Amino acid sequence: MEGQPKKQWGVTSAISEAQPGPRDLELNDQLVEVLKRENNFETPEGTENRVKVLGHFQKVIEELIRRVCKKKGLPQSTIENAGGKVFAFGSYALGVYNPGSDIDTLAVAPKHVGLDDFFDHFPPIFREMSSAPDITEFVPVREAYVPIIKMEYCGVSIDLLFVSLNSVSTVPKDLQLTDKNLLRGLDDTGMRSVNGTRVTTELLSLVPQVKAFRHATRAIKLWSTQRAIYGAVFGYPGGVAWAIMVARICQLYPFACGATILSKFFTLMGKWHWPRPVMLKAIEEGTMGLRVWNPLIYPQDKSHIMPIITPAFPSMCATHTVMHSTKAIMLEEFTRAEKIVNLIIAGKKTWGDLFERHTFFTKDHKYYLSVIAACRTKESHELFAGLVQSKVRLLVKGIDDSGAGVEIARPYVKSFERVHRCHTEEQIDRIIQGNMAFQISSEEAAVNGSSEKAENGENAEEVHTIYTTTFYIGLTLAADGGKQLDISYPVSEFKRFITMSDIYEQETMSVRVIHTRNYDLPADVFLPGETRPTKPVKEKKKKHSSKGAKRSFTETELDNTQNALAKRRQSEINGVPTPTPA
């Protein structure tokens, strides 16, 4: 009706309320076609399977709650009405999942069933109610920052969280977690567990057109993955943060189609006045003793350089891991994407050009750090590699803050797992320094254990299997960095974080930080068809020069593949050297 105030989406009025024109719709159709070619949509059969899987989990949780209540001797009426509910959140609930996406789930129980009850009883009840061949992975991680059970069931990867609502005695199937009063009595672990579901629900309610949001979010997720800037653990935005940024653009262009949202995304995010926060709604004031993001009160919040704020109470920063280097890389990528989209609109490029794979290993850097986590047993390696992965970001931040002559320290968002088999202590040292000469396939490693005797005539020779996970950091040196490049302190601090952990065992574990030139990168970091960097041919030059001496990485005090063997002899323990301060 005329005279009625227009609805405002978000904390400011819209930039444009224009409807999409014929060219906008044509570009959107082209975008969707490219997303389909990239296998970005789940099949109807795959979606049906996911619904079946979630239905099975609902039955298991209800049975778990009944059994726990009965074991605790609660009245029959309480047992019958206890209920229980499984929520899906993340990409599945947002409607932007693809065939390879996992399902983030949250099991909600009444106050009678606690976290320990869940971890004690869920595994046996789930196995009892499931067909064994359908369970291909099952890893409970009770001690995690957010306690979780990671599993694969019927071909679908599941991350299952749990929360017990201390304020209710029954959890009906129509329960919604949007009510703030349900948070009463939750500890920090419970709040972290329940937050993802609340954020997903709130986010969808704050988007003008869900269809346009989903198309643009699928595109941003594909783009950020292809450009290697996706993943909070390495200092980039995760799925929720990227979705919030897209949702904000949807609010500013409430009637635009997905392709228009995508083009405006790169323009606005590239020119955003950071650290001005990206918010979908005004932040609700703190109540119930729960901390709410506020840079005016909390110094830690003030340190966030690219804040993306979750809409559900209590508001948190979804990008607290972003660092100066990763922010700089993202701003470069926004600029690149904006130029490509402008050419797409002009008909000179296609959407496929936007989603072109990164050149992290092939072109972007001359120098890399290889962070190598090594273990003697397969069982301990997964846990240790996870520890090292969680600390790589701190190494990058340390380099950022050190002023050591490095302009950009760019962490790569994937790790490389390798298995090696060798015989001598010298060979083990070469492996943990990054040597690939003893690498074997994972299938070959599964045939034998981590250590066994190999018969060689009359002599028995011990064989060692070493498991490594390597993380790469690309370095861009400052133009005015001077002659010396010293990152020994951040490397030493990084190692200290690792070796002080309760997980670390110096007899079986090792972490090394190795300088690697681009032409020395292992073959398995490149995809088929990619061109590997080659070592430049040096021309003979006269010794006298008016220029300053070239910086050498030998001055970084990093482990060096060629020179470290002799120095490590005294520090070897059972074949895996003890990490020493770099």
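Residues numbered from 1 in each chain as written. Predicted model: local features only at pLDDT ≥ 70, side-chain atom pairs only at ≥ 80, totals over all residues. Heavy atoms only, no water.

The name given to the protein chain in an unreviewed UniProt entry is Poly(A) polymeras-like protein, with the source organism recorded as Lindgomyces ingoldianus.

So, about the nonpolar core. By size, the foremost hydrophobic cluster in this structure holds 95 residues, and its most contacted members are Trp351 and Leu354. Here the element with the most residues in this core is helix α8 (residues 239–252); it accounts for 10 residues. Aside from chain neighbours lying at most four places away, what touches Trp351 is Leu27, Gln30, Leu31, Val34, Ala259, Leu262, Val341 and Ile344. Among the nonpolar cores identified, the runner-up in size contains 33 residues, and Val60, Ala107, Phe119 and Phe122 belong to it. (Core = buried A, V, L, I, M, F, W, Y, C linked by side-chain atoms within 4.5 Å. Buried < 20%, exposed > 50% of the residue type's maximum accessible area, 1.4 Å probe, protein only. Helix = DSSP H or I, 4+ residues; strand = E, 2+ residues; numbered from the N terminus. Contact = heavy atoms within 4.5 Å.)

Attention now moves to the packing of helix α9 (residues 258–270) against helix α11 (residues 324–345). The interhelical angle for the contact between α9 and α11, taken along N-to-C directions, is 145 degrees, at an axis separation of 8 Å. Where α9 crosses over α11, the two elements pack in a sense that is left-handed. Where α9 approaches α11, its residues Ser263, Phe265, Phe266, Thr267, Met269 and Gly270 are matched on the opposing element by Leu331, Phe334, Ala337, Glu338, Val341 and Ile345. Its residues placed into classes, the contact of α9 with α11 shows eight nonpolar, three polar and one charged. (Axes fitted to C-alpha atoms, helices over the stretch in contact; angles between N-to-C directions. Left-handed = near helix turned anticlockwise from the far one by under 90°. Nonpolar A, V, L, I, M, F, W, Y, C, P; charged D, E, K, R; others polar.)

Moving on to the sheet that holds strand β3 (residues 135–141). Spatially, β1-β2-β5-β4-β3 is the arrangement adopted by the five strands of the open sheet, whose pairing is mixed. Edge positions in the sheet fall to β1 (85–89) and β3, since each of these pairs with one other strand and no more. On average, each strand axis in the sheet is inclined to that of its neighbour by 25 degrees, with strand direction left out of account. Of the strand pairs in this sheet, strand β4 (residues 148–153) and strand β5 (residues 156–165) are connected by five bridges, and their pairing is antiparallel. Bridged to Ile149 within β5 is Leu160. (Pairing = 2+ DSSP bridges.)

Our focus in this paragraph is helix α15 (residues 425–432). Three- or four-residue spacings in an α-helix give side chains the same orientation, since the helix completes a turn every 3.6 residues. Buried residues of α15: Gln427, Ile428, Asp429, Ile431 and Ile432, and no others. Trailing α15 by a residue or two, Gly434 shows a phi angle of about 105 degrees, which is positive.

Looking now at α8. Taking 1.5 Å of rise per residue, the 14 residues of α8 would be expected to cover 20 Å, and the 20 Å separating its terminal C-alpha atoms lies within 8% of that figure. Judged by how many residues are buried, α8 sits mostly within the fold: 12 of 14 residues are covered. Inspection of α8 places Ala241, Trp242, Ala243, Ile244, Met245, Val246, Ala247, Arg248, Ile249, Cys250, Gln251 and Leu252 among the buried residues, and these make up the whole buried set. For α8, the secondary structure elements touched by its buried residues are α4 (90–94), α6 (188–205), α7 (210–226), α9 and α11. (Expected span 1.5 Å × (residues − 1).)

Along the chain, Arg410 turns up in strand β7 (residues 406–411). Residues Arg410 and Tyr472 lie 62 residues apart in sequence; the distance between their C-alpha atoms is 8.4 Å. Aside from chain neighbours lying at most four places away, what touches Arg410 is Arg227, Ala228, Ile229, Tyr236, Ile329, Glu333, Phe360, Asp364, His365, Tyr472, Ile473 and Gly474.

Turning our eyes to something else, we now look at the packing of aromatic side chains. Counted by the stated rule, this structure contains 31 aromatic pairs. Ring centres 6.0 Å apart and planes at 80 degrees place the aromatic pair Phe265 and Phe334 in the edge-to-face group. Of the two residues, Phe265 is situated in helix α9 and Phe334 in helix α11; the sequence distance between them amounts to 69 residues. Between Phe361 and Phe416, the aromatic rings sit 5.9 Å apart at their centres with planes inclined by 75 degrees, giving edge-to-face as the arrangement. With Phe361 in helix α13 (residues 360–364) and Phe416 in strand β8 (residues 416–422), this residue pair connects regions lying 55 residues apart in the sequence. Residue Phe361 shares its accessibility class with Phe416, and that shared class is buried. What links up through ring pairs into an aromatic cluster is the set Phe57, Phe118, Phe119, Phe122, Phe126, Phe138, Tyr153 and Phe162. Taking the ring centre of Phe138 as reference, the NZ or CZ of Arg127 above it sits at 4.8 Å. In this arrangement the basic side chain of Arg276 is found over the ring face of Trp272, its NZ or CZ atom lying 5.2 Å from the centre. (Phe/Tyr/Trp six-rings, centres within 6.5 Å; stacked < 30°, edge-to-face > 60°. Lys NZ or Arg CZ within 6 Å of the ring centre and 35° of its normal.)

Let us now look at unusual backbone geometry. With an omega dihedral of 10 degrees, the bond running from Trp274 to Pro275 counts as a cis peptide bond. Tracing the sequence through the fold places Pro275 in the loop between α9 and α10 (299–302). Here Phe313 and Pro314 are connected by a cis peptide whose omega angle stands at -5 degrees. Note on placement: Pro314 falls in the loop between α10 and α11.

A few words on the environment of Pro20. Looking at the element boundaries, Pro20 is found in the segment before α1 (22–37). The class for Pro20 is partly exposed, based on a relative accessible area of 27%. Sequence separation between Pro20 and Cys257 is 237 residues; the distance between their C-alpha atoms is 6.3 Å. Among all residues touching Pro20, those that are not within four sequence positions of it are Leu25, Phe255 and Cys257.

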